[in-house]
Amino acid sequence: VQLVESGGGLVQAGGPLRPSCVASGRTSRITAMGWYRQAPGKQRELVAIIYNGGFTNYGDSVKARFTISRDNAKNTAYLQMNNLKPEDTAVYSCHAPSNMGVNYWGQGTQVTVSS
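Residues numbered from 1 in each chain as written. Predicted model: local features only at pLDDT ≥ 70, side-chain atom pairs only at ≥ 80, totals over all residues. Heavy atoms only, no water.

(A) Layout of unusual backbone geometry. Phi at Ala64 is positive, roughly 75 degrees, even though this residue is not glycine. Summarising the element assignment, Ala64 is placed in the loop between strand S6 (56-58) and strand S7 (66-71). (Helix = DSSP H or I, 4+ residues; strand = E, 2+ residues; numbered from the N terminus.)

(B) Layout of the state of the cysteines. In total, this model carries one disulfide according to the counting rule given. With a sulfur-sulfur separation of 2.0 Å, Cys21 is cross-linked through a disulfide to Cys94. Judged by the torsion about the S-S bond (-85 degrees), the Cys21/Cys94 disulfide is left-handed. In this pair, Cys21 sits in strand S3 (residues 20-24) while Cys94 sits in strand S9 (residues 90-97), placing the two residues 73 residues apart along the sequence. Per residue, the accessibility class of Cys21 equals that of Cys94, and both read buried. (Disulfide = S-S within 2.5 Å. Buried < 20%, exposed > 50% of the residue type's maximum accessible area, 1.4 Å probe, protein only.)

(C) Representation of the nonpolar core in the model. Among the nonpolar cores identified, the biggest contains 28 residues, and Leu3, Met33, Leu79 and Tyr92 are the most heavily contacted of them. Looking at this core, the elements with two or more residues in it are S3, strand S4 (32-38), strand S5 (45-51), S7, strand S8 (76-81), S9 and strand S11 (109-114). The contact partners of Tyr92, leaving out residues within four places of it in the chain, are Glu5, Trp35, Tyr36, Arg37, Val47, Phe66, Leu79, Met81, Gly108, Thr109 and Val111. (Core = buried A, V, L, I, M, F, W, Y, C linked by side-chain atoms within 4.5 Å. Contact = heavy atoms within 4.5 Å.)

(D) Region of the structure containing the packing of aromatic side chains. Considering all chains together, one arrives at two aromatic pairs under this definition. When the centroid spacing of 5.3 Å and the interplanar angle of 65 degrees are considered together, the rings of Tyr36 and Trp105 count as edge-to-face. A residue pair is termed long-range when its members are at least 10 positions apart, and Tyr36 in strand S4 and Trp105 in strand S10 (residues 103-105) qualify at 69 residues. Measuring from ring centre to ring centre gives 5.9 Å for Tyr51 and Phe55, while their planes differ by 35 degrees; the resulting arrangement is tilted. Relative accessible area serves as the criterion here: at 36%, Tyr51 is assigned to the partly exposed category. Given a relative accessible area of 56%, Phe55 falls into the exposed group. Across the ring face of Tyr78, the terminal group of Arg18 is positioned such that the distance to the ring centre comes to 4.2 Å. The ring of Tyr36 has Arg44 lying over it, and the distance from NZ or CZ to the ring centre is 6.0 Å. (Phe/Tyr/Trp six-rings, centres within 6.5 Å; stacked < 30°, edge-to-face > 60°. Lys NZ or Arg CZ within 6 Å of the ring centre and 35° of its normal.)

What follows is the structure, encoded as structure tokens:
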């Protein structure tokens, strides 16, 4: 399984951004698609994840601002980020756990929020 992110970039505080992640290869193995982020000097943290059945989970710092969705026909996950804050600045990586016990990762996309 390969994961490719796009849609990161530079945005002013309060603005939106909508990165996406496209999965290819043996996508039938995927049990969920999600996003993690890592800022300089900080640990990687869960942003949001959506499971095959549609259940979602969010990190506490992004609840009510971010929404994850998925287009199964396109094997694509989207992360709608609203009301962005400078503390949201990080590298955002797409993640897909599989039913084989393997975790797949994208290469990451930089999101920078200016104050």
